[in-house]
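The residues making up each chain are set out below.
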Amino acid sequence: MKRTTLISSFFVSIGLCFTLLTVAQTPLYKDKNAPVEKRISDLLKRMTLEEKILQLNQYTFGINNNPNNIGPEVKKLPNGIGSLIYFSADPVLRNQIQKKAMEESRLCIPILFGFDIIHGLRTVYPISIAQACSWNPDLVTQLCAVAAKESVLSGVDWTFSPMIDVARDPRWGRVSEGYGEDPYTNAVFGVASVKGYQGKNLSDSYSIAACLKHYVGYGMSEGGRDYRYSDVSAQSLWETYLPPYEACVKAGAATLMSGFNDISGVPATANYYTLTEILKKRWKHDGFVVSDWNAVKQLVWQGVAKDEKESGLKAFMAGVEMDMKDDIYRVHFPALVAEKKIPMKNIDDAVARVLRVKFRLGLFDEPYTKVVEEKERYLKPEDVALAQKLTEETMVLLKNKNNTLPLSANISKIALIGPMAKDQENIVGSWSFNVKTADAETLYDGIQKEFKNATINYALGCDFDGTNEAGFAEALDKANESEVIILCLGEKKTWSGENASRSTIALPAIQEKLMQELKKTGKPIILVLSNGRPLELVRLEPLADAIVEIWQPGIAGGTPLAGILSGRVNPSAKLAITFPLTTGQIPTYYNMRQCARPYGTEGNYQDISTEPLYWFGHGLSYTSFTYGDAKLSATKITKSQKMTVEVTVANSGSVKGKETVLWYISDPACSISRPMKELKYFEKKEINAGEKAVYKFEIDPMRDLSFTNATGKRFVEAGDFYVHVNNQKIKFEIVE
Ligand code: NOJ
């Protein structure tokens, strides 16, 4: 053998040994090709108790601009902290913090950065209640994917969204954050957003983890008062509040957040039954639960723990793996483990759940955020266009007397009045902390662009509230000079969202008075409403020739509204929440149970109508849709057979339009009383003028006709059922 060959084989062997040594030394949990469960158990074996406990804590970092969640900025982060609420959107800062975790902590466990990206980060799109009115879950999925991409590029791995709390009391400010009064609608839109955030795979470059909140029953807050007791019976827990969670858990949602509320005596954050029995044991959820802000400590105030230590014990043993911001787990768990009140196996299981989400997100393998210029990160034209598309489908045409809308193309003078007309602050809605108000298109700008040949006579008229009528005179002058009045009223963004309950859902008196004064001009009034909850419109509706509910559309509201006013866009939204006639009618929701005296003369209010102003499902179009007779594939089936019902819908008007068909089921005689009807399926299609479309609903008895008892067991009973579509009610039978 030649000397050179000898020398080179010597070096090759050394190199091989070195590689083998390095491989042997690289812990399994760092091997990105190893299965996640193996990586978790390898890492767990290496962790000290202190390191494990730190993984179960979430601190805050950055300037906290959430008025409801005031807390000191944590300057010194313990190395090895599990998660941070990241109040910044700066990827560079995130990378610096992450670098500390990756390079200075003993085991290099990446931090999970979470934040409230509720309806977009910078490309802020309509609030959730508006999204539900679109009946277009695919668009919601696409917008959530945009939100996820902007989050990833800002250093956020985990959003505290979607909120899937069924809510039937519009005094509760958080009705704006969910998908309305119906469990099925919350389930469908919850799943749509989980899919958008998490993508096909959590480890994809632009996927973030979703967090279902607020598990569970928070929407039932008594009197619509936030943070208060909620009386959730076992029946309504299973029938109304759990179904959206079950659907989203099945869709793979990585995490959940426990609620502030009390589930009939056992707070949601200390509720073993919902957190462990149902979520982990029955539904086999293998991600983790984070408490809501201070929810662990609040167990003391709720009266189920004598001190913070006990509150930590109760929350953890019930099934809350991560303590948001309270620092109770970090402080008290070493002693609770030493005292054997918390078994090590529970700690290990909780840590494994947190690590599982981190591994699935790919954080161990790619802990840093790609840093790109701001213009590459946010508000990409195609994303803004997508937001506009969704926004068009969220605006509900509530009233259109004598076809006031669309406005004539020849209109030359439009009075544009009201506090919402030029607003950029409130139109984006709550939970839009990263928005730049300058990015928000005003209604004024959209209308001016659309009606290029018209003079827009703008006046503020009045503020959102207060008593100052000084602007009325100018508003009246502008109205008198114009052919039509577009009156833009509504709510400030702080009037809904967290800690934003209201004792009345009417607009402040000053706004109502402005409209009453404008009515005296005799000009037609188009009332445009931007708000985060259903409103009491009993005094305003008679004054309006047309009403468009635009909710809080986010940054792209002006052009879609203008499109609806001009007829460029045919409205297609329908309400996902009922508008009561007055606040006193609350709660009123379409899926109430039957009245014991349902003949229409008894059990009603004596002073006002018992009917709400606009039911769930209400929404007008510029075309007319004519429903043919719905046809069933069978009138009798057994419990295990499926059947189909279909209806042909004709666009009998003169413009193209989108129609959502809502399919409901009712069961008139059952061993428990059932809701008057329940939404089971919906489908939205675009139909050209003069054309028809067929809509089909496949009825699966176990899914669509069954009911749950108070323990979650489902039954189908033989007997008569009805399927409801539009104003038709068709009977069929289930036989043994
Ligand atoms: C409290 C809110 O209830 C919750 O929805 C939110 O995600 C957390 N604070 C974190 O900001």
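Note that this is a predicted model, so its numbers are computed, not measured.

Moving on, we come to the overall build of the protein. From N to C terminus, the protein includes 20 helices and 28 strands. Since a compact globule built from 736 residues should have a radius of gyration of about 27 Å, the 28 Å found for the protein is in line with a globular shape. Dimensions of the protein, computed from C-alpha atoms along their principal axes, come out at roughly 100 × 65 × 65 Å. Taking all 736 residues of the protein together, 59% fall into the buried category. Partitioning the contacts of the protein with sequence separation of at least 6, the portion at a separation of at least 24 is 77%. Carbon and sulfur atoms make up 52% of the accessible area of the protein, which totals about 29,000 Å². Looking at charge distribution, the protein has the averaged site of its 87 positive side-chain charges lying 5 Å from that of its 86 negative ones.

What follows concerns the confidence of the model for the protein. Counting all residues, the mean pLDDT for the protein is 95, and 96% of those residues have values of 70 or more. Note that pLDDT drops below 50 for residues 1–23; the model gives that stretch two contacts with residues more than four away or on any other chain.

Right, let's get into the pattern of salt bridges. One pass over the full model with this rule turns up 47 salt bridges. Two residues, Glu103 and Lys99, come together in a salt bridge whose shortest N-O distance is 3.5 Å. Of this pair, Glu103 and Lys99 both sit in helix α4 (residues 91–104), four residues apart, roughly one helical turn. In this structure, Glu512 engages Arg539 in a salt bridge whose closest nitrogen and oxygen atoms are separated by 2.6 Å. Taken together, the residues span a long stretch of sequence, with Glu512 in helix α18 (residues 509–519) and Arg539 in the loop between β16 (525–530) and β17 (546–549) at a distance of 27 residues. For Arg539, a relative accessible area of 36% corresponds to the partly exposed category. Overlapping salt bridges bring together Lys280, Glu321, Asp349 and Arg353 as one network.

What follows is about the domain arrangement of the protein. Put simply, an interface is often sized by how much accessible area is lost when its parts join up. For the protein, the assigned domains are domain 1 (379–585) and domain 2 (625–735). Computed from C-alpha coordinates alone, the two centres of domain 1 and domain 2 are separated by 35 Å. Across the contact, four residues belong to domain 1 and nine residues belong to domain 2. Counting the surface lost from both domain 1 and domain 2, the interface buries some 500 Å², and carbon and sulfur atoms represent 37% of this.

A separate point is the sheet that holds strand β13 (residues 413–417). Ordered in space as β12-β17-β16-β15-β13-β14, the six strands form an open sheet in which the pairing is mixed. Of all strands in the sheet, those with a lone pairing partner are β12 (396–400) and β14 (455–459), marking the two edges. Strand-to-strand twist of the sheet, defined as the mean angle between neighbouring strand axes without regard to direction, takes the value 20°. For β13 and strand β15 (residues 484–490), the ladder comprises four bridges, and the chain directions are parallel. Across the sheet, Leu416 pairs through a bridge with Ile486, a residue of β15. Against the sheet, helix α16 (residues 443–450) contacts β13, β14, β15 and β16, and its axis sits at roughly 165° relative to β14.

Counting residues in each nonpolar core, the largest one holds 198 residues, and the members touching the most others are Tyr215, Leu407, Ile417, Ile486, Leu487 and Trp551. The biggest single contributor to this core is helix α13 (residues 344–361), with nine residues. There are two domains that each give this core at least three residues, and those are domain 1 (379–585) and domain 2 (625–735). Every residue in contact with Leu487, bar those within four places of it in the chain, is listed here: Ile417, Gly418, Leu514, Met515, Leu518, Ile525, Ile526, Leu527 and Val528. Leu632, Val661, Ala693 and Phe697 belong to the second largest nonpolar core, which has 25 residues in total.

What counts, and where the lines are drawn
- Residues numbered from 1 in each chain as written.
- Predicted model: local features only at pLDDT ≥ 70, side-chain atom pairs only at ≥ 80, totals over all residues.
- Heavy atoms only, no water.
- Helix = DSSP H or I, 4+ residues; strand = E, 2+ residues; numbered from the N terminus.
- Rg over C-alpha atoms; globule rule 2.2 N^0.38 Å.
- Buried < 20%, exposed > 50% of the residue type's maximum accessible area, 1.4 Å probe, protein only.
- Contact = heavy atoms within 4.5 Å.
- Areas by Shrake-Rupley, 256 points an atom, 1.4 Å probe, with all protein chains shown as cover.
- Lys, Arg positive; Asp, Glu negative; His and termini not counted.
- Charge placed at Lys NZ, Arg CZ, Asp CG, Glu CD.
- pLDDT = per-residue confidence, 0-100.
- Salt bridge = Lys/Arg side-chain N within 4 Å of Asp/Glu carboxyl O.
- Domains from an automatic or database assignment.
- Buried area = accessible area lost by both parts, 1.4 Å probe.
- Pairing = 2+ DSSP bridges.
- Axes fitted to C-alpha atoms, helices over the stretch in contact; angles between N-to-C directions.
- Core = buried A, V, L, I, M, F, W, Y, C linked by side-chain atoms within 4.5 Å.

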